[in-house]
Amino acid sequence: MPKNVLVLSASPRIGGNSDTLCDQFIKGAEASGNTVEKIYVHNQAIGYCMACYACKATGACIQEDAMSAILDKMVAADVLVLATPVYFYTMDGQLKTLIDRTLPRYTEIRNKEFYFIATAADGKAAMERTMDGLRGFTDCLPGAKIRGLIYGAGAWQKGEIQGNKAMKEALDKGMGM
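Residues numbered from 1 in each chain as written. Predicted model: local features only at pLDDT ≥ 70, side-chain atom pairs only at ≥ 80, totals over all residues. Heavy atoms only, no water.

Colleague: Which residues make up the side chain of Thr97, and what values do they have?
Modeller: Along the chain, the position of Thr97 falls in helix α4 (residues 93–100). On the basis of relative accessibility, which here comes to 11%, the residue Thr97 falls in the buried class. When sequence neighbours within four positions are dropped, the list of residues in contact with Thr97 reads Ile46, Gly47 and Tyr48. (Helix = DSSP H or I, 4+ residues; strand = E, 2+ residues; numbered from the N terminus. Buried < 20%, exposed > 50% of the residue type's maximum accessible area, 1.4 Å probe, protein only. Contact = heavy atoms within 4.5 Å.)

Put into structure tokens, the structure is as follows:
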């Protein structure tokens, strides 16, 4: 049965290494008959969580920005793909800000399948803290199932992901959902 897939590309570079792996994943997912939407997180106006907790009473953030619509899409999706370059051994600020802003409705992001994509100049071991941070997010989501981790190791400059084994892995994971 086709799935509704939401890809959250947190790379600040369109066509950057993690974004390129998103495109490979999408290519595979669409070839398998799934519906896919990609959101470039860095193009969205998303403010930082202010820890005011007004959302606890209302179920909505008091900030009027792009996050409300993104949250609607996250709740509606069957599959979520979170992609980030690795900066100083963790996810970039764009993705962390988005994750923090799920607070008003994170318990509604339930029973989702997740794929994580990370790219770094260093090797796979250097990306484990990033993957652990992403796992920490899904640990808070009811029924979350991590279906795949894609490590784009050895890719720093834009385009260095080309020819990397992660390209095929991203395509295969998308096709195999």
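Read on, since the account is not over.
Colleague: Outline helix α5 (residues 128–139), listing residues and values.
Modeller: Taking 1.5 Å of rise per residue, 12 residues should cover 16 Å, and α5 covers 16 Å from first to last C-alpha, within 8% of that figure. For α5, the complete set of buried residues consists of Thr130, Met131, Leu134, Phe137 and Thr138. One side of α5 holds all its buried residues, which, seen down the axis, span an arc of 110 degrees. Facing away from the buried side of α5 by over 90 degrees, the exposed positions are Arg129 and Asp139. Here the buried face of α5 lies against α3 (67–76), β3 (79–87), β4 (90–91), α4, β5 (113–120) and β6 (145–153). (Expected span 1.5 Å × (residues − 1). Arc of directions from axis to C-beta.)

Colleague: Any details on the packing of helix α1 (residues 17–31) against helix α6 (residues 165–175)? Residues and values, ideally.
Modeller: A packed helix pair is summarised by two numbers, namely the angle formed by the two axes and the spacing between the axes. Contact geometry of α1 with α6 gives a least axis separation of 6 Å together with a crossing angle of 35 degrees. Along this stretch, α1 crosses α6, giving a crossing that reads as right-handed. Contacts between α1 and α6 involve Thr20, Leu21, Gln24, Phe25, Lys27, Gly28 and Ala29 from the former and Ala166, Met167, Ala170, Leu171, Lys173, Gly174 and Met175 from the latter. Looking at the contact of α1 with α6 residue by residue, the classes come out as eight nonpolar, four polar and two charged. (Axes fitted to C-alpha atoms, helices over the stretch in contact; angles between N-to-C directions. Left-handed = near helix turned anticlockwise from the far one by under 90°. Nonpolar A, V, L, I, M, F, W, Y, C, P; charged D, E, K, R; others polar.)

Colleague: An account of the pattern of salt bridges is needed here, citing residue identities and associated values.
Modeller: For the coordinates displayed, the defined rule picks out 11 salt bridges. The partner of Lys3 in a salt bridge is Glu113, with the nearest N and O atoms 2.9 Å apart. Separated by 110 residues along the polypeptide, Lys3 in the segment before β1 (4–9) and Glu113 in strand β5 bring together distant segments of the chain. With a shortest N-O distance of 2.8 Å, Lys38 and Asp19 are connected by a salt bridge. Highlighted residues: Lys38 in strand β2 (residues 35–40) and Asp19 in helix α1, separated in sequence by 19 residues. By relative accessible area, Asp19 is classed as buried at 1%. Because the salt bridges share partners, they merge into one network encompassing Asp19, Asp23 and Lys38. (Salt bridge = Lys/Arg side-chain N within 4 Å of Asp/Glu carboxyl O.)

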